[in-house]
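Notes for the structure review
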Amino acid sequence: MASSITSSFHTRNLRSVFLGERNVLSVSSVPATRIGFLKKTIECKESRIGKQPIEVPKNVTITLEGQDLKVKGPLGELSLIYPREVKVEREESGIIRVKKAVETRRANQMHGLFRTLTDNMVVGVSKGFEKKLQLVGVGYRAMLEGKDLVLNLGFSHPVRMAIPDGIQVKVEENTRITVSGYDKSAIGQFAASIRKWRPPEPYKGKGVKYADEVIRRKEGKAGKKK
């Protein structure tokens, strides 16, 4: 008798679950008209640097073919290929504008970058750039031998560096080095390679540093007080 009651109880529970009786299982329904989808729109702000126009001097020649830009001036010639996210336009007044071709996050990032690269090309072939370094330390000196820069930085042998094409190097008072040229990235790379041989240390400031570089000094270890 007990087993029949138990089986009847389980049968009612199973029927309640699978048939969806109100006292056990309730199924809620939502009208189709109340179902909506959230649409998130990504808005890319205009780059403050990218939207600035680039003025081209009279002694600079611009050649624009699709996404390929060539700039020629009295100091040299440079070229740049733009990605598909940005486009270059030249106005009748001679001003160059770099604009976004699509509204994406990457286009917003490329906008300011390639505007800066374009401006560096125009300024480089017309006026040029320079980077100054200074040698600090007893016995540290630099000199030019032909097309090589020779550095004495406290090693057992002098460091000899070949000067790349398109870059000029001038040494003053054996401790001041000026790297100049029309390609800003090449100038910065060569100056960084010079500094890399002996970066300035933070205690006495000895090494090769940029002329406008500020070295944060550290206090040396003090001896034990007696």
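Residues numbered from 1 in each chain as written. Predicted model: local features only at pLDDT ≥ 70, side-chain atom pairs only at ≥ 80, totals over all residues. Heavy atoms only, no water.

Named according to an unreviewed UniProt entry, the protein chain is Large ribosomal subunit protein uL6c originating from Trema orientale. Per UniProt, the protein chain has the following entry under Sequence similarities (unreviewed entry): "Belongs to the universal ribosomal protein uL6 family." (UniProt positions renumbered as here; feature names shortened; annotations may be inferred.)

**Comments concerning the packing of aromatic side chains**
On inspection of all chains with the given rule, the structure shows two aromatic pairs. Taking the centre distance of 6.5 Å and the plane angle of 70° together, the rings of F155 and W197 count as edge-to-face. In this pair, F155 sits in the loop between β8 (148-152) and β9 (159-162) while W197 sits in the loop between α3 (184-196) and β12 (207-210), placing the two residues 42 residues apart along the sequence. Judged by relative accessible area, which is 42%, W197 ranks as partly exposed. Seen from the ring of Y210, K131 lies directly overhead, with NZ or CZ sitting 4.9 Å from the centre. (Phe/Tyr/Trp six-rings, centres within 6.5 Å; stacked < 30°, edge-to-face > 60°. Helix = DSSP H or I, 4+ residues; strand = E, 2+ residues; numbered from the N terminus. Buried < 20%, exposed > 50% of the residue type's maximum accessible area, 1.4 Å probe, protein only. Lys NZ or Arg CZ within 6 Å of the ring centre and 35° of its normal.)

**Some remarks on the pairing of strand β3 (residues 77-81)**
On a regular strand, one side chain projects to one face of the sheet and the next to the other, so that they alternate. Side chains L78 and L80 project from β3 onto a buried face, and the interleaved E77, S79 and I81 project onto a face without burial. Direction of pairing for strand β2 (residues 68-72) relative to β3: antiparallel, over a ladder of five bridges. Pairing of K70 across the sheet is with S79, part of β3. Two successive antiparallel strands, β2 and β3, enclose a turn made up of four residues. (Pairing = 2+ DSSP bridges.)

**Overview of the pattern of salt bridges**
In this structure the tally under the stated criterion is 12 salt bridges. With a closest N to O distance of 3.4 Å, K100 and E103 form a salt bridge. E172 is the salt-bridge partner of K170, the closest N and O atoms lying 3.6 Å from each other. Taking the relative accessible area as the measure of exposure, E172 reaches 30% and is therefore partly exposed. One continuous salt-bridge network, built from bridges that share partners, spans K170, E172, E173 and R176. (Salt bridge = Lys/Arg side-chain N within 4 Å of Asp/Glu carboxyl O.)

**Some thoughts on the environment of A191**
Structurally, A191 is set in helix α3. The exposure class of A191 is buried, given its relative accessible area of 0%. Measuring from C-alpha to C-alpha, the distance between A191 and K131 comes to 6.9 Å, with 60 residues separating the pair along the chain.

**A closer look at the sheet that holds strand β7 (residues 141-145)**
Read across the sheet, three strands follow the order β7-β8-β9 without closing on themselves; strand pairing throughout is antiparallel. Taken across any chain shown, the strands that pair with only one partner, and hence form the sheet edges, are β7 and β9. Between one strand axis and the next, the sheet turns through 25° on average, direction left out of account. By the bridge criterion, five bridges tie β7 to β8 in an arrangement that is antiparallel. Among the inter-strand pairings, E145 is bridged to a residue of β8, identified as D148. The strands touched by α3 within the sheet are β8 and β9, with β9 carrying the most contacts at an inclination of about 170°. (Axes fitted to C-alpha atoms, helices over the stretch in contact; angles between N-to-C directions. Contact = heavy atoms within 4.5 Å.)

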